[in-house]
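Observations on the three-dimensional arrangement
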Amino acid sequence: MKAPKPKTTEVLARPGATPSEIERAIRNVPDFPQPGIQFKDITPVLADARLFAGAIDLLIDKWRPGSVDAVVGIDARGFIFAAAAATKLRAGFVPVRKKGKLPFKTIEQDYALEYATATVAMHVDALKPGARVMLIDDLLATGGTASAAAALVKKLGANILEIAFLIELKFLNGRKKLNGYPVRSIVAY
Ligand code: AMP
């Protein structure tokens, strides 16, 4: 038998999620997109209303509306968390995208991949000097992407309050590349 649909008031009153509940919902997909990579699939977290809202609350736990001017999200899964966080914090949302995707004038930053380099970009007018910024991505692996995004924020003269990730792969030591910035992760492997 199907469970009865919750009333609107019950949905609004649902408690937040714990990191271990979020961890249990993250799906591990072996050998995607290539052999040897254990891909952390966050779509089951997004699909669950309570876990998604709870994840956002945990990511922005330290900050109150009005204390952050902009949330910078990293292409592409970072956008999902950063945009939701921005509306809760009453802050603007700024995308860091892969090179060639943004329509206006950009600043760019290269970073090293295992066998190549990649480039991220941000609009030149995306942040005001002195803006209080939170940087969000879904996952911290080697830290190359987030440190390149942080460099873009610094190039525009804005201040990074914190860099937050839903997932951190601790064994890859990504935090080392982000030294100097406060880093938060909700679920660590
Ligand atoms: P990195 O620059 O090495 O820290 O890689 C971080 C970026 O790559 C993030 O934007 C992630 O979305 C993605 N990523 C790296 N490793 C994984 C993984 N095992 N599962 C899911 N996404 C990953």
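As a reminder, the structure under discussion sits directly above these lines.
Cut-offs used in this document
- Residues numbered from 1 in each chain as written.
- Predicted model: local features only at pLDDT ≥ 70, side-chain atom pairs only at ≥ 80, totals over all residues.
- Helix = DSSP H or I, 4+ residues; strand = E, 2+ residues; numbered from the N terminus.
- Rg over C-alpha atoms; globule rule 2.2 N^0.38 Å.
- Buried ≥ 20, exposed ≤ 12 C-beta atoms within 10 Å, placed from the backbone.
- Contact = placed C-beta atoms within 7 Å.
- Near = placed C-beta within 6 Å.
- Nonpolar A, V, L, I, M, F, W, Y, C, P; charged D, E, K, R; others polar.

**Some details on the overall build of the chain**
A tally of helices and strands in the chain yields 7 helices and 9 strands. Its C-alpha atoms give the chain a radius of gyration of 17 Å, within 12% of the compact-globule value 16 Å for 189 residues. If one aligns the C-alpha atoms of the chain with their principal axes, the spans along those axes are about 55 × 45 × 30 Å. When each of the 189 residues of the chain is scored for burial, the buried share is 35%. When contacts within the chain are restricted to residue pairs at least 6 apart in sequence, those whose partners lie at least 24 apart make up 58%.

**With respect to the site of the ligand**
Close to the ligand lie 17 residues; Lys40, Ala141, Thr142, Gly144 and Thr145 are nearest. When the residues that make up the shell around the ligand are grouped by side-chain class, the tally is 7 nonpolar, 6 polar and 4 charged.

**Some points on unusual backbone geometry**
With an omega of 0°, the peptide bond between Phe32 and Pro33 qualifies as cis. On the secondary structure map, Pro33 appears in the loop between strand E1 (27-30) and strand E2 (38-41). The residue after Asp75, namely Ala76, is reached through a cis peptide bond having omega 0°. Its location among the elements puts Ala76 in the loop between strand E3 (70-74) and helix H5 (77-89). Its identity as a non-glycine residue notwithstanding, Asp31 has a phi of 60°, on the positive side. Structurally, Asp31 is set in the loop between E1 and E2. Of note in this structure, Arg90 is not a glycine but carries a positive phi near 55°. With respect to the secondary-structure elements, Arg90 resides in the loop between H5 and strand E4 (92-98). The exposure class of Arg90 is exposed, given the 12 C-beta atoms found within 10 Å.

Remember that the coordinates give geometry; whether it matters functionally is a separate question.
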